[in-house]
Amino acid sequence: MKILFIKHGDNNIGSNRIWIDNYSFFFKNYFNIETRIAENFEEGYDIYFLSKYCKSHVVKEIRSKCSAKIGIIQPSDNNKDSLKKILLSDFLICGSILERDYYLKFKKPSFIFPLVEIIEKNLQKKSNQNLKLGYHGNLEHLISFPDELISALEKLSKEINLELIVVYNRKLGNWRKPNIKISEYDWTFDTMKQQMGNVDIGLVPSLRKNKFLNRKTLLRSIFFKLTNKTNSNMVNDYSIQFKNNSNAGRAFVFHQLGIPVVADFSPENFIINGDPKCGYLANSEEGWYNAIKALNDDKFLRKSISDNAIKKFEAMYNPKNYIEFFISEINKL
């Protein structure tokens, strides 16, 4: 088996780094499969993995020149060209259960490749005099920083000496910052590893902010009464919104770095953080406050949580297992 990964777009983009650079490495080093990364089509390969930034004409070119199998990394049906890529492909590569479930409607074999970074395990964490909280990722999740988390951080800042370390692409815009000490850094992979490897607690907000769904207004109450099939008045129900490709990749980085995580109620976060021995989940102000406070008060708890989380992560998200399943299934196509 020979695999060509066709990469378009910025090398710093997570989908290229993880699903092309990392998985090319995993295929080659774990299974001795010949792989190559290129910008354009090259003949002589059995499987072609196409970056999410490739256009449909790349799929057409491969189709016209060979009968190899073609897979689309992180598919999208948001526009005509992306949809055309899906329809012309043989299989899809998704990053989570949620994403795979969404794209099953196209009746293509869909494989989960988890967002596993290649991070050195021997990073030495410094001893912090104050509590350092970390966030890394895109601007979208910063803009959607939940009001409950902001309130919890502002409340905690009056009780303990804390600092929020944020790593993201700063040129994309600004976000509503909590009234606490914040240090911001431009995103690069090395900067992210260095800064997040030195925090005490990782924060992973992933949900989209929908004020209409969460504010208890008369209009909201009327809407739910008209659309709900049961007699529930929805007063105490959770109403959350998340992207169809939502995943726990940002939490994975903290697990790999040995940092305990407090994450929100995005479904994939429950897989590891739903185990109280491995982390915390929070939605309310009290949930965020209590989790951060507990981890602040007990450094031995932080160590225990992070140790358990990395063990569970390595057991559940070992790329060898996902690639082995992929190889067995792709041979059946």
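Keep in mind that this is a model prediction, so the values were computed, not measured. (Residues numbered from 1 in each chain as written. Predicted model: local features only at pLDDT ≥ 70, side-chain atom pairs only at ≥ 80, totals over all residues. Heavy atoms only, no water.)

Overview of the environment of Ile271
In step 1: Considering the arrangement of structural elements, one finds Ile271 in helix H11 (residues 270-273).
In step 2: Not counting chain neighbours up to four residues away, the residues in contact with Ile271 comprise Ile97, Lys312, Met316 and Tyr317. (Helix = DSSP H or I, 4+ residues; strand = E, 2+ residues; numbered from the N terminus. Contact = heavy atoms within 4.5 Å.)

Quick word on the packing of aromatic side chains
In step 1: Applying the stated criterion across every chain, the model contains 28 aromatic pairs.
In step 2: Here Phe91 and Phe111 contribute two aromatic rings whose centre-to-centre distance is 6.0 Å and whose plane-to-plane angle is 75°, an arrangement assigned as edge-to-face. Residue Phe91 is located in strand S5 (residues 91-94), and its partner Phe111 is located in strand S6 (residues 110-112); the two are separated by 20 residues in the primary sequence. The two residues Phe91 and Phe111 agree in class, both being buried.
In step 3: Taken together, Phe5, Tyr23, Phe25, Phe26, Phe27, Tyr30, Phe49, Phe91, Phe111, Phe113, Phe325 and Phe326 form an aromatic cluster joined through their ring pairs.
In step 4: Over the face of the ring belonging to Tyr45 we find Lys2, whose NZ or CZ atom lies 5.1 Å from the ring centre.
In step 5: Directly above the ring of Tyr289 sits Lys155, whose terminal nitrogen or CZ lies 4.4 Å from the centroid. (Phe/Tyr/Trp six-rings, centres within 6.5 Å; stacked < 30°, edge-to-face > 60°. Buried < 20%, exposed > 50% of the residue type's maximum accessible area, 1.4 Å probe, protein only. Lys NZ or Arg CZ within 6 Å of the ring centre and 35° of its normal.)

Here we look at the side chain of Ser24
In step 1: In this structure, Ser24 sits in helix H1 (residues 14-31).
In step 2: Assessed through its relative accessible area of 5%, Ser24 is described here as buried.
In step 3: Side-chain polar atoms of Ser24 contact the side chain of Thr35, separated by 2.9 Å.
In step 4: The residues touching Ser24, leaving out its near neighbours within four places in the chain, are Phe5, Thr35 and Ile37. (Polar contact = N/O pair within 3.5 Å; in protein donor to acceptor, adjacent residues only side chain to side chain.)

Side note on the layout of surface pockets
In step 1: The volume enclosed by the largest pocket comes to roughly 950 Å³.
In step 2: The wall of the largest pocket is formed by 30 residues, among which Ile13, Gly14, Ser15, Gly137 and Asn138 lie closest to the centre.
In step 3: Elements that contribute at least two residues to the lining of the largest pocket include exactly H1 and helix H10 (249-257).
In step 4: Among the elements that take part in the lining of the largest pocket, H1 stands out by supplying five residues, more than any other.
In step 5: Taken together, the residues that form the lining of the largest pocket break down as nine nonpolar, 14 polar and seven charged. (1 Å grid on protein atoms, 1.4 Å probe; cavity = no way out; pocket = protein on both sides within 12 Å on 5 of 7 lines; lining within 4 Å. Points joined across faces, edges and corners; volume = space filled by probe spheres on them. Nonpolar A, V, L, I, M, F, W, Y, C, P; charged D, E, K, R; others polar.)

Notes on the sheet that holds strand S3 (residues 47-50)
In step 1: Pairing in this open sheet of six strands is parallel, and the strands run S2-S1-S3-S4-S5-S6 from one edge to the other. Every other strand in the sheet has two partners, leaving strand S2 (34-38) and S6 as the edge strands with one partner each. Within this sheet the neighbouring strands show an average axis-to-axis angle of 20°, counted without direction.
In step 2: Bridge count for strand S4 (residues 69-73) against S5 is three bridges, and the pairing is parallel. What sits directly across from Ile73, in S5, is Ile93.
In step 3: Lying on the sheet, H1 is in contact with strand S1 (2-6), S2, S3, S4 and S5; it crosses S1 at an angle near 165°. (Pairing = 2+ DSSP bridges. Axes fitted to C-alpha atoms, helices over the stretch in contact; angles between N-to-C directions.)

Digging into the pairing of S5
In step 1: Because side chains alternate across S5, one face comprises the buried residues Phe91 and Ile93, and the other comprises Leu92 and Cys94, equally buried.
In step 2: Taking the sense of rotation as the criterion, the β-α-β connection linking S4, helix H3 (residues 80-88) and S5 turns out right-handed.
In step 3: In this fold, the crossover linking S5 to S6 by way of helix H4 (residues 97-103) has right-handed handedness. (Right-handed = clockwise from strand over helix to strand, strands pointing away.)

Points about empty space enclosed by the protein
In step 1: Under the counting rule described, the total for this entry stands at one cavity of 30 Å³ or more.
In step 2: Size it by volume and the largest cavity reaches roughly 40 Å³.
In step 3: Contributing to the lining of the largest cavity are Ala248, Ala251, Phe252, His255, Glu268, Asn269, Ile271, Ile272, Asn273 and Tyr317.
In step 4: Looking at the lining of the largest cavity, the elements with two or more residues in it are H10 and H11.
In step 5: Among the residues making up the lining of the largest cavity, the classes are represented as six nonpolar, three polar and one charged.

What to know about the packing of H1 against helix H14 (residues 319-330)
In step 1: Running from N to C, H1 and H14 cross one another at 85°; their axes reach a closest spacing of 10 Å. One element, H1, and the other, H14, form an angle in the roughly perpendicular class. Contacts from Tyr23, Phe26, Phe27, Tyr30 and Phe31 of H1 reach H14 at Pro319, Lys320, Ile323, Glu324, Phe326 and Ile327.
In step 2: Broken down by class, the residue content of the contact of H1 with H14 amounts to nine nonpolar, no polar and two charged. (Parallel < 35°, antiparallel > 145°, perpendicular 65-115°, else oblique.)

Section: the sheet that holds strand S12 (residues 280-281)
Paired through their backbone hydrogen bonds, the strands of a sheet run either parallel or antiparallel.
In step 1: The strand order across the open sheet built from six strands is S9-S8-S7-S10-S11-S12, with neighbouring strands paired in parallel fashion. This sheet does not close on itself; its edge strands, each paired only once, are strand S9 (182-186) and S12.
In step 2: Across two bridges, the pairing between strand S11 (residues 261-263) and S12 is parallel. Its bridge partner being in S12, Val262 is matched across the sheet by Tyr280.
In step 3: In the packing of helix H7 (residues 189-196) onto the sheet, the strands contacted are strand S7 (131-136), strand S8 (162-168) and S9, and the crossing angle to S8 comes to about 165°.

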